[in-house]
Each structure stands twice: as C-alpha cells, then as structure tokens.
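# Observations on chain architecture
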Amino acid sequence: ANDLYDGEGGRLRADWTPLEGLRVGLLGQAGAARIGIPYDFFGAPSPAREQRSRSGLLALPADWTRGDWSVQVRWASAEGAIDLEDADDPFAASAIDTEREQARATATWNASESFWVAGGAERGRELASTSSAFGPGLDGARATTEAFFAQAGWSGRRLRVEAGARRDDHSAFGAETS
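The present account deals with the structure reproduced in this document. Note that the coordinates shown come from a computational prediction; the quantities given were computed from them, not determined experimentally.

### Concerning the environment of E99
- Looking at the secondary structure, you find E99 in strand β5 (residues 94–110).
- Residue E99 is classed as partly exposed on the basis of its relative accessible area, which comes to 38%.
- The sequence separation of E99 and E79 amounts to 20 residues, and the corresponding C-alpha distance is 4.3 Å.
- Dropping the residues within four chain positions of it, E99 is found in contact with A78, E79, R125, E126 and L127.

Written as structure tokens, this is what we have:
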C-alpha cells in the first residue's frame, strides 16, 4: 500500500537580445517529490516510510558574438534536500541538504571555417549537510573547485581533430591536469 509517487516540477526560461550579437537569459527550475517506500532496510513491510525531496535552480546565461569571436558566461545556483522519515522506525530518519554555485566563462576564436581555439575558466562552491537518527554526518561541509581549460579543433572534408587540456583544483582532493 505504501508505493506512492507524487511529484511536481516547473521550469521558466526567458531570453533577451538587448544588442545585436548579445543574448542574456534567465532560467528558473523547481521540483518536489514524495515517494512511498514499502519495505524497510531488512525487507519487512513498512507502511509509513517515505522520502521527500525538493530542488531548485536559478541560472543566468549570456552569449556574445562579434566577428570571429564568441564569449559564453554562465552563473548558476542550485539547492536540494532529501528527507527520509518513518513514524514506525525512528532509526530510519535521515536528511541531506545541498547547495551549489558555479560560474563559467568560455571564449572561442574561429580562425577560419576549419580551425578554432577556445579557452576558459570555471569556479564552483558546494555546501552539504547530512544528519540521521545517529547524529550529524556532514555539518556544513564545504568544497571549492577551480578549473582552467583550453581546446582547439580542426576539421577537413573527412577528418576532424580536437585536442584539449584542463586543470582542476579541488579544495579537498587537490589538483589534477587532464
């Protein structure tokens, strides 16, 4: 009897072109869901166990093109939460809350119809908190990521070649180049 799913979601996007070659946008998105979980961790029926989740996103994209150059800039902020509850089992309770912000900029130069070069950077910030019936797990844990990247491409009649490099630096895991 406890196998329900009830979810809603919505999305709104608006674009504006204030000048030739410039497009600015706004994107908003939200969702929520309630899911019944018919069995507990051991496979026994669980008539009251359910998971509730919610999420939200706000993004501001902008694109500019002039001649052989184009620039894309994006900023986004997202948040989410998942809560597990069971009135018959207080040890099943848990909660996860997350927040993320990200900014990214990319510039591309189209040197010719067959050759282009792009480069850019991005920065992200994450925040997470978790808790359960046994206490807090992550209590406002934070992480940041910074990245720089470059890529070039050439295409002929029957062949396309692309090469790129990216340097990521994560506050908890260190830096890596790929």
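Read on for the rest.
### Points about the pattern of salt bridges
- Counting across every chain of the model gives 16 salt bridges.
- Two residues, R34 and E50, come together in a salt bridge whose shortest N-O distance is 3.1 Å. With a gap of 16 residues between them, R34 in strand β2 (residues 22–36) and E50 in strand β3 (residues 50–66) connect regions that are remote in the sequence.
- Taking the relative accessible area as the measure of exposure, R34 reaches 29% and is therefore partly exposed.
- When its relative accessible area of 12% is taken as the criterion, E50 is described as buried.
- Notably, a salt bridge pairs R49 with D86, separated by 2.9 Å at the nearest N-O pair. Within this pair, whereas R49 is found in the loop between β2 and β3, its partner D86 is found in the loop between β4 (69–85) and β5, the two being separated by 37 residues in sequence.
- The class for R49 is buried, based on a relative accessible area of 1%.

### So, the packing of aromatic side chains
- Under the defined criterion, the tally for this structure stands at two aromatic pairs.
- Relative to W109, the ring of W69 lies with its centre 6.3 Å away and its plane at 25°, an arrangement referred to as stacked. With W69 in strand β4 and W109 in strand β5, this residue pair connects regions lying 40 residues apart in the sequence.
- The exposure class assigned to W69 is partly exposed, which follows from its relative accessible area of 44%.
- Ring centres of F91 and F134 lie 5.7 Å apart, and the angle between their planes is 20°; this geometry places the pair in the stacked category. You can see F91 sitting in the loop between β4 and β5 and its partner F134 sitting in the loop between β6 (115–132) and β7 (135–136), a full 43 residues away along the chain. Each of the two residues, F91 as well as F134, counts as exposed.
- Directly above the ring of F41 sits R49, whose terminal nitrogen or CZ lies 4.7 Å from the centroid.

The rules we used
- Residues numbered from 1 in each chain as written.
- Predicted model: local features only at pLDDT ≥ 70, side-chain atom pairs only at ≥ 80, totals over all residues.
- Heavy atoms only, no water.
- Helix = DSSP H or I, 4+ residues; strand = E, 2+ residues; numbered from the N terminus.
- Buried < 20%, exposed > 50% of the residue type's maximum accessible area, 1.4 Å probe, protein only.
- Contact = heavy atoms within 4.5 Å.
- Salt bridge = Lys/Arg side-chain N within 4 Å of Asp/Glu carboxyl O.
- Phe/Tyr/Trp six-rings, centres within 6.5 Å; stacked < 30°, edge-to-face > 60°.
- Lys NZ or Arg CZ within 6 Å of the ring centre and 35° of its normal.

Nothing here speaks to function; it is geometry throughout.
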